[in-house]
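Reading the structure
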Amino acid sequence: MNSQQQLQARLTGFVTGAAPQPASGLLPDLRLLLESLPGYGHPEAEAAHRGALSAVLQLALPNERIAPQPAENGSGYYISYSYEGPFAGYADAFFPKRVVTAVATAVTTAVRSRGLGQPWWRAYALAVLTDAARRAAGIPLDTGKLAGELAAMDSQFRPALTASYLVAVQTAYEPTASALRALTAAGQLAEARAQLVRLLADDTLVANFNGAIGTGGDSTNAAVWFLYTLWVVLAALACPDVDAEIRALRARGLIVPGEVAEGNWWNGGYTTWYRPLSGADVEPATAGTLTAGLPELVTSSYASKPPMPPVREHQGVTNGYSLSLCLWGPLARYRPQPSSCLGAGTGVLMADGSVKPIEDVRIGDEVRSGGGTGTVVLAERPARLGRPLYSVNGLNVFATSGHPFRAADGPGPRRRAVDPWNLADAVPTMIADGIGSLAVGAELAASGGEPVTVREVTAHEPAPDRPDELVHDVVVATGDRGHAAYYVGGPGTFVAVDAESADPFHDVAATLAVVAAMDRALDDVREQVADPHADLLDILGRLDLSGIGEAARAADGAERPEIPGPGYYLRDGEWDPHASALETELVRRYGRLFRRNCATGWRPDADPEGPFTLCLHDVELLGDVPAVAVLDVELRVRGDAEDVVRRVTAPATRKRPGWHFAPDTDVEFGPLLPSAALLGSLHADGELLGRFGMPLSATGHGEHFVFGDGGTVLGRVALGRHGAGTADRPAQSAARAMAVAAGRHVGELLASRVRARR
C-alpha cells in the first residue's frame, strides 16, 4: 500500500468511524461500499476502468477488409499479392476475443450522453491501435498527426471521464459493484444515500477533512481524490443533484478544492489521476497480432518468349498485419510524410546580396550562410506529393511542415518547424538541440542579425493541375563541421533554414550502420526501384530483421565504410533520388534502432516469464518544453503489494541543457505479477513534466508517448526488455563493429528483396 492509499484508508476511517455501529442503523452494505472505495492509483480499479475503455475501443474498430501489400511492377514483370489469412477484417484480426459486454455498453451510453458517439469512438480506436502497431512493430508513421489526434481525442474525452469512471465503479470494479448490487437488490439506495449525506455533514468529519486538505502534499492529494470518489458514490446511489449536496457541505464549512467543486467534478475539472489512452492499453487484447506474419499468396507474371505461366507461392510477411493497418489498407491514416523541402518561388539570399528562386539554385552557387558565405554542394528536387506549403509573415518562403528553421539565439530550441515531430522523425540528430513549433510568437534567426518574430503562418494547398510539382532543398558547405544554414525569404527579410540532413558525427555507430546498409543495397535499389520515395517505405517494412542481433553479435571487425560526402548523393553530376531516399528511409526506420542496440550490445530479448528488467534507452522531448540539464525518470510498478519504485538520473546528451537523454541503463524489478502496471514519470528540477505507462502484460518494447497536462504529447521514451540483470556495455570499437555488421545485414536483406523483383 503506497502513502496515498494509506491516507485514503485513514480518511475512510474518518467516515465510517463517525457513523453509528451497524447495529445502530448504518447499512452494512454502505459501510462495505465505503471501505471498498479504491485509493488513488489503485491498480485493480484503474485496470477495471481502463479495461472498460479498451473494450469499447475494440468494439468500435472498423472491420474493413485486410489489404495485402501493394502490387509491384517493372520492366517485364508484375507481382500481385492476395491475403490468405482467416480473418474477415481488421477488427477480427486484432481483437479476436472482443465481445459486447454490459460494461462496454454502459460506457458507450454514458459517453454518448456527453456528445461522443460511435464515429468518434471509431476514430479513437484507430488512433490507439495504430499507436500500438507503431510501438510493437516499429513502423514509422506521421508522428505529428498521430500525437496531435490522440491529444485532441483525449481532450474531447475528459469532460466525459467521470461518466466513464462512474460506470466502472458501478459495474467493472467488483468490490464497489458488488456492494452497489446488494444495496440495489435490497431497495436501499435512497436510504444509503441519505445516510452518507448525514455522515459527510458531521462537524468532526468536516474538521478532519479540512485538516487533511490543508496539510499539502500527499495528504491533500488523497483528500481531493477521496472527495471525488464520494461524489461518484453519491451519483452511483442515484443522487438526483450531487452538486446541490456539495454546495450544502460547503455551507457547513467543508473545504472543497475547485477541481472537485460543484460542476467541475463531473465535467472534467479533476483529471490528474487519469493517464491518456495509448496503444499499450489495447496491446494485450491483440493476442500477438501486432507482430504476427500476414499470410499471402504471391502471383508473379513475367514477359517472356515463349510465354510462361504465372508463378504462385505462399509467404508470410513479418509484422504484416500491422503493416497492412498502418501503410497498405483503407485504415492507413497515418502514413509518414516524405522528406521536407522548400517550394518553388522561395527566395535564396546569394553571397553577392542578390536573390535567386530556389528552383534555379545549382551546385557550386555561393549563398549567404551564417555570418559569411557557403557553397551549394547538393541540390535536391523531390516531388511535392500534394503536401501543403507554409509561409511565414508573408515572406517568399514556402516550406513543407517538417522543414527546419533556425531559431533565434537564446535558451530555447535551436530549430523550429510547423510539425516538429515530422522533423524529429526524419533527422533524429536535431533533437538534442531542440525542435520547437514554428508558431506565432516564435523568434527566428535572420540575415540582418536581429531576430524575426513570427506573426503569422499561412498554409498554401497544392494546385490540382500540378501533380508533378517539385520541391527543393540545398546542402551548403562552409568548411565548418555540422549543419550550415542558409537564408530564404524576401524581398527585404530573410530567415535562416537548414537542409534536412543529419549530422553524421552525432552518433558515429548509427551512421556507420546506415552507410553500411546503403553500400550493400544502393546499386540494386537504383536498378530495381522505379520510384524510391514511394516504394522504399513499404519495401523496408517487409524485411525480416529477426536475425539482425545475431549478425551484429558475430561482428568480425571487417573494414568500416567511409562516411560519405555530398558526392555520394550525385549520379552523373546530378542529384540521385535513389541515394537520398534510401538514406532518408533507413534513418527514419532504423536510425534509432541502430543507436540503441549498438550502445547496449544487441542483446537478445528477455524470457517473458523471467524476472522483469527494463532497459531505459532514451528520452526525446519536443523543444516546446524548456531545456533540461538533468532529467529524473521515475519507473513505478504498481501491483497488489507495495509499489516497486526505481529512479534513473539522465544528463542531457549534449552535456548542456537540452532535449535528448540516452542513459541506456538497465532497471531491475524482479519477479512481478502480470496484473501489475508500469507507471513512468519525467521530472526536472523537482517539477513533473509528463507521464507514460503500460500494463506489464504488454511487451514493454518500443517508444511510448509521454503525455503532459491535458493529454498533450510532449515526448517519447524508448524502453527495451532484455535478459534479467544488468550487462556490460560494449567498448566504442566493438559497438562500431556491431553497427557495421548490423547495417550490412539490413543492406543484404534489402538487396535480396529488390533483386527478387527481376
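Parameters and conventions
- Sequence positions are assigned chain by chain, starting from 1 and proceeding in written order.
- Only residues with pLDDT of at least 70 are given local features in this predicted model, and only at 80 or more are side-chain atom pairs given and counted; all residues enter the totals for whole chains, interfaces and linings.
- Hydrogens and waters are ignored; side-chain quantities use all the structure's heavy atoms.
- Summary of the burial criterion: residues with accessible area below 20% of their type's maximum are buried, those above 50% are exposed, and those between are partly exposed, where the area comes from a 1.4 Å probe applied to protein chains only.
- Numbering goes from the N terminus for both helices and strands, where a helix is a DSSP run of H or I of at least four residues and a strand is a run of E of at least two.
- Comment: arc refers to directions from the helix axis out to C-beta atoms.
- By definition, residues are in contact when any of their heavy atoms lie within 4.5 Å.
- Strands were regarded as paired on the criterion that DSSP finds at least two bridges between them.
- Two N or O atoms form a polar contact when they lie within 3.5 Å of each other; inside protein one atom must be a possible hydrogen donor and the other a possible acceptor, and for residues adjacent in sequence the pair counts only when both atoms belong to side chains.
- Every angle, taken between N-to-C directions, lies between 0 and 180 degrees, and every axis is a line fitted to C-alpha atoms, over only the stretch in contact when it is a helix.
- Orientation labels follow simple angle bins: below 35 degrees gives roughly parallel, above 145 gives roughly antiparallel, 65 to 115 gives roughly perpendicular, and whatever is left gives oblique.
- By definition, turning the near helix anticlockwise from the far helix through less than a right angle yields a left-handed crossing, and turning it clockwise yields a right-handed one.
- Any residue outside Ala, Val, Leu, Ile, Met, Phe, Trp, Tyr, Cys, Pro, Asp, Glu, Lys and Arg is labelled polar, Gly included; the first ten of those are nonpolar and the last four are charged.
- Each Phe, Tyr or Trp ring, with Trp reduced to its six-membered ring, pairs with another whose centre is within 6.5 Å; inter-plane angles below 30 degrees give stacked pairs, above 60 give edge-to-face pairs, and intermediate values give tilted ones.
- Whenever a carboxyl oxygen of Asp or Glu lies within 4 Å of a side-chain nitrogen of Lys or Arg, that contact is scored as a salt bridge.

So, helix 5 (residues 102-112)
Helical geometry: 3.6 residues make up each α-helical turn, so side chains three or four residues apart lie on a common side. Where helix 5 is concerned, the buried positions are Val103, Ala104, Val107, Thr108, Ala110 and Val111. Looking straight down helix 5, one finds its buried side chains confined to an arc of 165°; they lie on one side. Of the surrounding secondary structure, the elements contacted by the buried residues of helix 5 are helix 3 (43-60), helix 6 (118-137), helix 7 (143-157) and helix 8 (161-172).

Side note on helix 17 (residues 532-541)
For helix 17, the tally of buried residues reaches seven of 10 residues, placing the bulk of the element in the interior. Structurally, helix 17 contributes buried residues whose contacts are with helix 14 (320-328), helix 16 (508-528), helix 19 (577-600) and helix 20 (732-755).

Overview of the sheet that holds strand 17 (residues 471-477)
Taking strand neighbours across the sheet as the criterion, the four strands line up as 5-17-9-8 in an open arrangement whose pairing is antiparallel. In the strand order of this sheet, the two ends are held by strand 5 (342-343) and strand 8 (366-369), each with one partner. Looking at chain direction, strand 8 and strand 9 (residues 372-380) are connected through four bridges and run antiparallel. Residue pairing across strands places arginine 368 opposite threonine 373, the latter belonging to strand 9.

Digging into the side chain of arginine 716
Within the fold, arginine 716 resides in strand 30 (residues 713-721). The exposure class assigned to arginine 716 is buried, which follows from its relative accessible area of 3%. At a separation of 2.8 Å, a polar atom in the side chain of arginine 716 contacts the side chain of aspartate 425. There is a polar contact of 2.7 Å between the side chain of arginine 716 and the side chain of glutamate 620. The contacts of arginine 716, once residues within four sequence positions are left out, are Thr143, Trp421, Ala424, Asp425, Arg592, Asp618, Val619, Glu620, Glu703, His704, Phe705 and Val706.

Structural notes on the packing of helix 10 (residues 189-200) against helix 12 (residues 217-236)
Direction vectors running N to C along helix 10 and helix 12 enclose 155°, while the axes themselves pass 9 Å from each other. When the axis of helix 10 is compared with that of helix 12, the two are roughly antiparallel. Pair helix 10 / helix 12 crosses with left-handed handedness. Seen from helix 10, the contacting residues are Leu189, Arg193, Leu196, Val197 and Leu200; seen from helix 12, they are Leu230, Trp231, Val233, Leu234 and Ala236. Here the residues of the contact of helix 10 with helix 12 are counted per class, giving nine nonpolar, no polar and one charged.

Considerations on the packing of aromatic side chains
In this structure the tally under the stated criterion is 23 aromatic pairs. An angle of 85° between the planes, with centres 5.7 Å apart, marks the rings of tyrosine 40 and tryptophan 225 as edge-to-face. Of the two residues, tyrosine 40 sits in the loop between helix 2 (28-35) and helix 3 while tryptophan 225 sits in helix 12, which places them 185 residues apart along the sequence. Accessibility assignment for this pair places tyrosine 40 and tryptophan 225 in one class, buried.

With respect to the pattern of salt bridges
According to the stated counting rule, one finds 42 salt bridges in the structure shown. Across the pair arginine 647 and glutamate 634 runs a salt bridge whose closest N-O atoms are separated by 3.0 Å. Of this pair, arginine 647 sits in strand 24 (residues 644-651) while glutamate 634 sits in strand 23 (residues 630-638); the two residues are 13 residues apart in sequence, bridging distant segments of the chain. Put simply, Asp131, Arg134, Asp425, Arg592, Arg595, Arg596, Asp618, Glu620, Asp664, Glu703 and Arg716 are held in one network by salt bridges that share partners.

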